[in-house]
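Spelled out from the first residue to the last, the chains are:
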Amino acid sequence: MDKRAQILLKTLVEHYISAGQPIGSRTLLQHSGLDVSPATIRNVMSDLEQLGFIASPHTSSGRVPTKKGYRLFVDSLMTVQPLDNQSVAQLKTGLSSPNQQELISSAADMLSQLTQFAGLVMTPKRVRNVLKHMEFLHLSEKKILVILVTEDGQVQNRILMAEKAFSASELIAASNYVNSHCQGLTLDELQHKLKQELQQMQADINRLMSAALDAAGQPEQSAKETVVISGERNLLQVDELSTNVTSLRKLFEIFERRTALMQLLDHSQRADGIQIFIGGESGYLPLDECSLITAPYEADGQVVGTLGVIGPTRMAYERIIPIVDITAKLLSNALSNQ
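Residues numbered from 1 in each chain as written. Predicted model: local features only at pLDDT ≥ 70, side-chain atom pairs only at ≥ 80, totals over all residues. Heavy atoms only, no water.

A. Focus on the layout of surface pockets. Of the volumes computed, that of the second largest pocket is approximately 220 Å³. Along its surface, the second largest pocket is lined by Tyr16, Val64, Pro65, Thr66, Lys67, Tyr70, Glu240, Glu289, Pro312, Thr313 and Arg314. Listed by contribution, the elements that provide at least two residues to the lining of the second largest pocket are β2 (64–65) and α4 (67–77). (1 Å grid on protein atoms, 1.4 Å probe; cavity = no way out; pocket = protein on both sides within 12 Å on 5 of 7 lines; lining within 4 Å. Points joined across faces, edges and corners; volume = space filled by probe spheres on them. Helix = DSSP H or I, 4+ residues; strand = E, 2+ residues; numbered from the N terminus.)

B. Main features of the nonpolar core. One finds Val121, Leu235, Tyr297, Ile310, Tyr317 and Leu331 to be the most contacted residues of the largest nonpolar core, which totals 77 residues. A total of ten residues in this core trace back to one element, the largest contributor, which is helix α14 (residues 317–336). Among all residues touching isoleucine 310, those that are not within four sequence positions of it are Phe117, Ala118, Leu120, Leu235, Phe255, Leu261, Leu287, Cys290, Ser291, Leu292 and Met315. One finds Val146, Leu148, Leu171 and Ala174 within the second-largest nonpolar core, a separate group that totals 15 residues. (Core = buried A, V, L, I, M, F, W, Y, C linked by side-chain atoms within 4.5 Å. Buried < 20%, exposed > 50% of the residue type's maximum accessible area, 1.4 Å probe, protein only. Contact = heavy atoms within 4.5 Å.)

C. Representation of helix α5 (residues 85–94). When α5 is considered as a whole, its buried residues turn out to be Ser87, Val88, Leu91 and Gly94. Mapping the buried residues of α5 onto a view down its axis gives an arc of 130 degrees, with all of them on the same face. Among the exposed residues of α5, those pointing more than 90 degrees away from its buried face are Asn85, Gln86, Lys92 and Thr93. On its buried side, α5 packs onto α6 (100–115) and α14. (Arc of directions from axis to C-beta.)

D. View of the sheet that holds strand β9 (residues 290–299). The strand order across the open sheet formed by five strands is β7-β3-β10-β9-β8, and the pairing between neighbours is antiparallel. Looking at which strands have only one partner, the edges of the open sheet turn out to be β7 (227–230) and β8 (275–278). Shown here is a sheet whose adjacent strand axes are inclined to one another by a mean of 20 degrees, direction ignored. For strand β3 (residues 118–122) and strand β10 (residues 302–312), the ladder comprises four bridges, and the chain directions are antiparallel. Its bridge partner lying in β10, valine 121 is registered against leucine 307. Docked against the sheet, α14 engages β3, β8, β9 and β10, running at close to 25 degrees with respect to β9. (Pairing = 2+ DSSP bridges. Axes fitted to C-alpha atoms, helices over the stretch in contact; angles between N-to-C directions.)

E. Quick peek at the confidence of the model for the protein chain. Taken residue by residue, the protein chain gives an average pLDDT of 85. The fraction at 70 or more is 87%. Ranking the elements of the protein chain by mean pLDDT puts helix α10 (residues 223–226) last with 59 and α4 first with 96. (pLDDT = per-residue confidence, 0-100.)

F. Region of interest: helix α12 (residues 245–257). For α12, which comprises 13 residues, the first-to-last C-alpha distance of 18 Å matches the rise-based estimate of 18 Å (1.5 Å per residue) to within 8%. Among the residues of α12, Leu248, Leu251, Ile254 and Phe255 are the ones counted as buried. Projected down its long axis, α12 shows its buried positions confined to an angular sector of 115 degrees, all on one face. In α12, those exposed residues whose orientation departs by more than 90 degrees from the buried face are Val245 and Arg257. Where α12 is buried, its residues meet β3, β7, α11 (239–242), α13 (259–269), β9 and β10. Just downstream of α12 lies arginine 258, where phi reads positive at about 70 degrees. (Expected span 1.5 Å × (residues − 1).)

G. The packing of aromatic side chains, seen in detail. Throughout the structure, instances matching the rule amount to two aromatic pairs. Ring plane angle 55 degrees and centroid distance 5.9 Å describe the contact between tyrosine 70 and tyrosine 317, whose orientation is recorded as tilted. In this pair, tyrosine 70 sits in helix α4 while tyrosine 317 sits in helix α14, placing the two residues 247 residues apart along the sequence. Sitting above the plane of the tyrosine 16 ring, arginine 314 keeps its charged end 5.9 Å from the centroid. (Phe/Tyr/Trp six-rings, centres within 6.5 Å; stacked < 30°, edge-to-face > 60°. Lys NZ or Arg CZ within 6 Å of the ring centre and 35° of its normal.)

H. Highlighting the sheet that holds strand β6 (residues 155–161). Overall, antiparallel pairing links the three strands, which are arranged β4-β5-β6 in an open sheet. The strands lining the two open edges of the sheet, one partner per strand, are β4 (131–138) and β6. Mean inter-strand twist for the sheet, computed between neighbouring axes without regard to direction, equals 20 degrees. Note that strand β5 (residues 143–150) and β6 share seven bridges and pair antiparallel. Considered in β6, the bridge of isoleucine 144 is made with leucine 160. Strands in contact with helix α7 (residues 168–181) are β4 and β5; relative to β4, the strand with the most contacts, it is inclined by about 175 degrees.

I. Structural detail: the side chain of threonine 11. Mapped onto the fold, threonine 11 is located in helix α1 (residues 3–19). Residue class for threonine 11 comes out buried when judged on its relative accessible area of 7%. Of the polar contacts made by the side chain of threonine 11, one reaches the backbone oxygen of isoleucine 7; its length is 2.8 Å. In contact with threonine 11, other than residues within four places in its own chain, are Leu28, His31 and Ser32. (Polar contact = N/O pair within 3.5 Å; in protein donor to acceptor, adjacent residues only side chain to side chain.)

J. Here's a closer look at the environment of valine 74. Following the sequence through the fold, valine 74 ends up in helix α4. Spatially, the C-alpha atom of valine 74 lies 8.5 Å from that of isoleucine 276, the residues being 202 residues apart in sequence.

K. Spatial organisation of the pattern of salt bridges. Within the structure shown, the criterion is met by seven salt bridges. Its salt-bridge partner being glutamate 49, residue arginine 63 comes within 3.1 Å of it at the nearest N-O pair. Placement of the pair is arginine 63 in the loop between β1 (54–55) and β2 and glutamate 49 in helix α3 (residues 38–50), with a sequence separation of 14 residues. Of the residues examined, glutamate 49 reaches a relative accessible area of 29% and is grouped as partly exposed. Glutamate 289 is the salt-bridge partner of lysine 67, the closest N and O atoms lying 3.8 Å from each other. Of this pair, lysine 67 sits in helix α4 while glutamate 289 is found in the loop between β8 and β9, placing the two residues 222 residues apart along the sequence. The exposure class of lysine 67 is partly exposed, given its relative accessible area of 30%. (Salt bridge = Lys/Arg side-chain N within 4 Å of Asp/Glu carboxyl O.)

Structural data, given as structure tokens:
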């Protein structure tokens, strides 16, 4: 794509985001700064349409950006705006609580207030879950209680259904092995050690220990507790979303269940910096008319969660991206200073 086409596409996307109406050739000629004829503008627009970056609604001679057009705009053409001092001050004030749960709720509220869309924050994961003690207790023939205590005082109780019956002496032997060889390891390190060093042990016991660690690694929180959402009702005011009742209903089902959002945020947690999902890029059909902007946040240098904003594809990306970015940084500082 040549420079002229890039300028016209950038101008079209920016004006469509601002006005919400299909953009015609005359508007582009007035605002693009290009010294070209109206015929040249129309030819370039026709080329962009054939390439799939813009489309012509049936009710208008103007054009609107497609999701492919938004993607090129976000990746190559957008000029990100610095966040104004008032918004930064508002974020700093809102993210000053000494209570972790209040910080998470405030971060979701701030994202919603500053963007007028839905703000969401994945609650922090424990960075280092270090084992202090593990015990297997016999409940019934194949039902076993696993008690796992970590060095920070957290106690997890999980019930396992074993493939075979274990004697009390076998369960004691398994407990003794873990407690004598694996204290001070994180759960991830312990799982790795089991795979490496338990080859000589009875296979059934090996599987029992692996199942216990898998269960311990699964959060006890429900999806609703793991993702905090604020301002989802703001999306009812967005014309592109409110006119499609079926899509809106499916979108609010995602907000209610949260499982899909948790998976998306968990995936984004492994990325470096800002992630932008436009429409179907998220992989979830109810978000096909939405965009999701996310950023990971840290505590003491370790990534522990993700936050973000859900809004329509027609959102002011250049303004919302820094809001998400700075919120993640300020939340990271607040958690690290606790």
